[in-house]
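Here is what each chain is made of, one letter per residue.
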Amino acid sequence: MRSGVRSRQIVWDPDRGSEAPAAGCACLGRSEPRAGLRWRRRRARAAPRRRPQRRCSGSRCTTGRPPRARCRSASPSCSPTSCSATCASWWARAARGSPAAAGGPASSASPPTASCWPPAAPSSTPCSTAAWPPPRPRSSCPTSSPPPSWRCSAKKYAVPALEAHCVDFLTKHLRADNAFMLLTQARLFDEPQLASLCLDTIDKSTMDAISAEGFTDIDIDTLCAVLERDTLSIRENRLFGAVVRWAEAECQRQQLPVTSGNKQKVLGKALSLIRFPLMTIEEFAAGPAQSGILSDREVVNLFLHFTVNPKPRVDYIDRPRCCLRGKECSINRFQQVESRWGYSGTSDRIRFTVNRRISIVGFGLYGSIHGPTDYQVNIQIIEYEKNQTLGQNDTGFSCDGTANTFRVMFKEPIEILPTVSYTACATLKGPDSHYGTKGLKKVIHESPTASKTCFSFSFSPGNNNGTSIEDGQIPEIIFYT
């Protein structure tokens, strides 16, 4: 080395793609000696030519790719020359957890920053086989090597936040026709909040939910969880029909012949959750009794339960499913109570309309004037114009001899529409009872949390056992708004 010429240290600059003077070199910025220039030229001819890189320009990335050691693909097509393509290649390798993406011994590659997002869609190269687009990186992510697996990536780049966004999205798009599908997923991935919303949707629109295709795809545990609920808004015979459809689909999934015995086998404990006592005898005879799923002894016991008094005990739940929420309400149409109202097998009837949609769950009836007594009673609600019975119940009640009213409930709530005329009927068998007088033609119920509910009463022509607007039986209507 000639005297008077300072030596310098040459290092590889990955940003420039070539050798450069060290940061502390004294000759930085000066013309280098001729021997050093020849050495640089020989290295440049021997080394593969690399295109110089530029800094990211912000909205449009124009920087080059990292050094070739960071991409382990043998394909010459895997050499993007823009930052977007570089991001695409890096995220594709990170998704597969390849060593190249993780920064091998010769690499300290860091994930792309938010300024280069979103990356361009990958071309059909070996580096671009992962799902697209990849998760958006955080702008403040560290510059260390990317993780080798998605689990580490989720922890490093806050991917768990994606889970909350997924739940929010599903909640906003929850409907009756996809409630069962989402309920299965919520139970599988332990999302109790989403599962609760799905069950509420099924409660409100049970018929639409069980008619959807996704109902037959649920598992047995999800089916039992739904059948155990007291808040389903559907008649039990229709629920039984849906359960039979599920059993047929389950037989096909298990590659079993679709026979009555196999349907009973796949249902297992779910069959005992069907509330057969809530059906009418006609509904039971037309459906479950002929399905072959119940044994002959079970069919006989249930028929006895429907027809004889006192009713024998059965192994099925007889608790009504009450699909209503909120507070129970009632109105009384009489202002005074008198004595001695007789019964001879004729129904007491009164017509009424309401100004809003409600659900009637029962009546309040007067009891005996001779002390504690038991009554047998049949209650009905009939749509007047169509002469169609919407609901009825053959039951009984016990009274204590006072002038109070005694509750007699339907098996299921009966929906009452506004401005439609209905007839309330009660046929009692028992001794003479109290009755109401000074009846009101219009009764208004006010609720602090809902609008006013107005009942308008009118005379029911035909055999009504003397009940009218002014006096008679059926003093009280129990309902939910």
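Going by the structure above, here's the rest.
Now for a look at the structure at hand. A quick note: this is a predicted structure, and the numbers were derived from the prediction, not measured.

Criteria and cut-off values
- Residues numbered from 1 in each chain as written.
- Predicted model: local features only at pLDDT ≥ 70, side-chain atom pairs only at ≥ 80, totals over all residues.
- Heavy atoms only, no water.
- Helix = DSSP H or I, 4+ residues; strand = E, 2+ residues; numbered from the N terminus.
- Buried < 20%, exposed > 50% of the residue type's maximum accessible area, 1.4 Å probe, protein only.
- Contact = heavy atoms within 4.5 Å.
- Areas by Shrake-Rupley, 256 points an atom, 1.4 Å probe, with all protein chains shown as cover.
- Salt bridge = Lys/Arg side-chain N within 4 Å of Asp/Glu carboxyl O.
- Axes fitted to C-alpha atoms, helices over the stretch in contact; angles between N-to-C directions.
- Parallel < 35°, antiparallel > 145°, perpendicular 65-115°, else oblique.
- Left-handed = near helix turned anticlockwise from the far one by under 90°.
- Nonpolar A, V, L, I, M, F, W, Y, C, P; charged D, E, K, R; others polar.
- Phe/Tyr/Trp six-rings, centres within 6.5 Å; stacked < 30°, edge-to-face > 60°.
- Pairing = 2+ DSSP bridges.
- Patch = residues over 30% accessible without salt bridge, like charges linked within 9 Å, V, L, I, M, F, W, Y side chains within 5 Å.
- Polar contact = N/O pair within 3.5 Å; in protein donor to acceptor, adjacent residues only side chain to side chain.
- Core = buried A, V, L, I, M, F, W, Y, C linked by side-chain atoms within 4.5 Å.
- Arc of directions from axis to C-beta.

**Here we look at the overall build of the chain**
- Across its full length, the chain carries 13 helices and 14 strands.
- Counting over 481 residues, the chain shows a buried share of 42%.
- In the chain, the share of contacts with a sequence separation of at least 24, taken over all contacts with a separation of at least 6, comes to 71%.
- Within the structure as shown, the chain displays about 26400 Å² of accessible surface, and the carbon and sulfur contribution to it stands at 50%.

**As for the pattern of salt bridges**
- Under the definition given, this model contains 11 salt bridges.
- Between Arg340 and Asp432 there is a salt bridge, with its nearest N and O atoms 3.1 Å apart. Taken together, the residues Arg340 in strand β4 (residues 334-341) and Asp432 in the loop between β10 (422-429) and β11 (433-439) connect sequence positions 92 residues apart.
- Each of Asp217, Glu250 and Arg253 takes part in a single network of salt bridges with overlapping partners.

**Thoughts on the packing of helix α5 (residues 179-188) against helix α6 (residues 192-204)**
- Two numbers describe how α5 lies on α6: the axes approach to 9 Å, and their chain directions differ by 155°. Judged on the interaxial angle alone, α6 and α5 are roughly antiparallel. For the crossing formed where α5 meets α6, the hand is left-handed. Contact residues: α5 offers Ala179, Phe180, Leu182, Leu183 and Ala186, while α6 offers Leu194, Ala195, Cys198, Leu199, Thr201 and Ile202.
- Of the residues contributing to the contact of α5 with α6, the split by class is 10 nonpolar, 1 polar and no charged.

**Notes on the packing of aromatic side chains**
- Following the criterion strictly, the structure yields 15 aromatic pairs and no others.
- With a centroid separation of 5.2 Å and an interplanar angle of 80°, the aromatic rings of Phe284 and Phe303 are classed as edge-to-face. Taken together, the positions of Phe284 in helix α11 (residues 281-286) and Phe303 in helix α13 (residues 296-307) put the pair 19 residues apart, joining distant regions of the chain.
- On the basis of relative accessibility, which here comes to 28%, the residue Phe303 falls in the partly exposed class.
- Where Phe363 meets Phe410, the ring centres are 5.4 Å apart and the plane angle is 80°; that geometry is what we call edge-to-face. Placement of Phe363 in strand β6 (residues 358-366) and of Phe410 in strand β9 (residues 405-416) is noted, with a sequence separation of 47 residues between them. You'll find Phe363 and Phe410 in the same group, each marked buried.

**Remarks on the pairing of β6**
- For β6, the tally of buried residues reaches 9 of 9 residues, placing the bulk of the element in the interior.
- Looking at chain direction, β6 and β9 are connected through 8 bridges and run antiparallel. Paired with Ile358 across the two strands is Ile416, which belongs to β9.
- Here 5 bridges tie β6 to strand β14 (residues 476-480), and the two strands are oriented antiparallel to one another. When the sheet's bridge partners are listed, Ser359 is paired in β14 with Tyr480.

**Here's the deal with the packing of helix α9 (residues 236-253) against helix α10 (residues 260-267)**
- α10 packs onto α9 with a crossing angle of 95° between their chain directions and a minimal axis gap of 9 Å. With respect to α10, the element α9 is oriented roughly perpendicular. Contact residues: Val243, Val244, Trp246, Ala247, Glu248, Glu250 and Cys251 in α9; Asn262, Lys263, Val266 and Leu267 in α10.
- Across the contact of α9 with α10, the residue classes break down as 7 nonpolar, 1 polar and 3 charged.

**A closer look at the sheet that holds β14**
- As summarised here, the arrangement of the 4 strands in space is β3-β14-β6-β9, forming an open sheet in which the pairing is antiparallel. Edge strands, defined here as strands with exactly one partner in the open sheet, are β3 (329-332) and β9. The sheet shows a mean angle of 25° between the axes of neighbouring strands, direction not considered.
- Here β3 runs beside β14; their pairing, made up of 4 bridges, is antiparallel. Residue pairing across strands places Ile331 opposite Ile477, the latter belonging to β14.

**Regarding a nonpolar patch on the surface**
- A cluster of nonpolar side chains, namely Val300, Leu304 and Val308, defines an oily patch on the protein surface of about 190 Å² accessible area.
- Here Val300 lies in helix α13.

**What to know about the side chain of Thr373**
- Examined against the element boundaries, Thr373 turns out to sit in strand β7 (residues 373-383).
- Here Ser368 takes part through its side chain, which lies 3.3 Å from a polar atom of the side chain of Thr373.
- In terms of polar contacts, Thr373 uses its side chain to reach the backbone carbonyl oxygen of Gly371, at 2.9 Å.
- When neighbours within four sequence positions are excluded, Thr373 is seen to be in contact with Ser368, Phe397, Ser398, Cys399 and Pro431.

**Some details on the nonpolar core**
- By size, the foremost hydrophobic cluster in this structure holds 46 residues, and its most contacted members are Leu267 and Phe276.
- Elements with a contribution of two residues or more to this core: α5, α6, α7 (206-211), α8 (220-227), α9, α10 and α13.
- Among the elements that make up this core, the one with the highest residue count is α9 (8 residues).
- In contact with Leu267, other than residues within four places in its own chain, are Ile220, Leu223, Val243, Trp246, Ala247 and Ile293.

**Description of α10**
- When α10 is considered as a whole, its buried residues turn out to be Asn262, Lys263, Val266 and Leu267. An end-on view of α10 places all buried positions within 135° of arc, on one side of the element.
- A positive backbone phi angle near 55° is found at Gly268, which sits one or two residues after α10.

**Things to note about unusual backbone geometry**
- At Arg340, a residue that is not glycine, the phi angle is positive and equals roughly 70°.
- Arg340 sits in the exposed class, given a relative accessible area of 52%.
- Look at Asn387: it is not a glycine, yet its phi comes out positive at around 50°.
- Accessibility expressed as a relative area gives 63% for Asn387, which makes it exposed.

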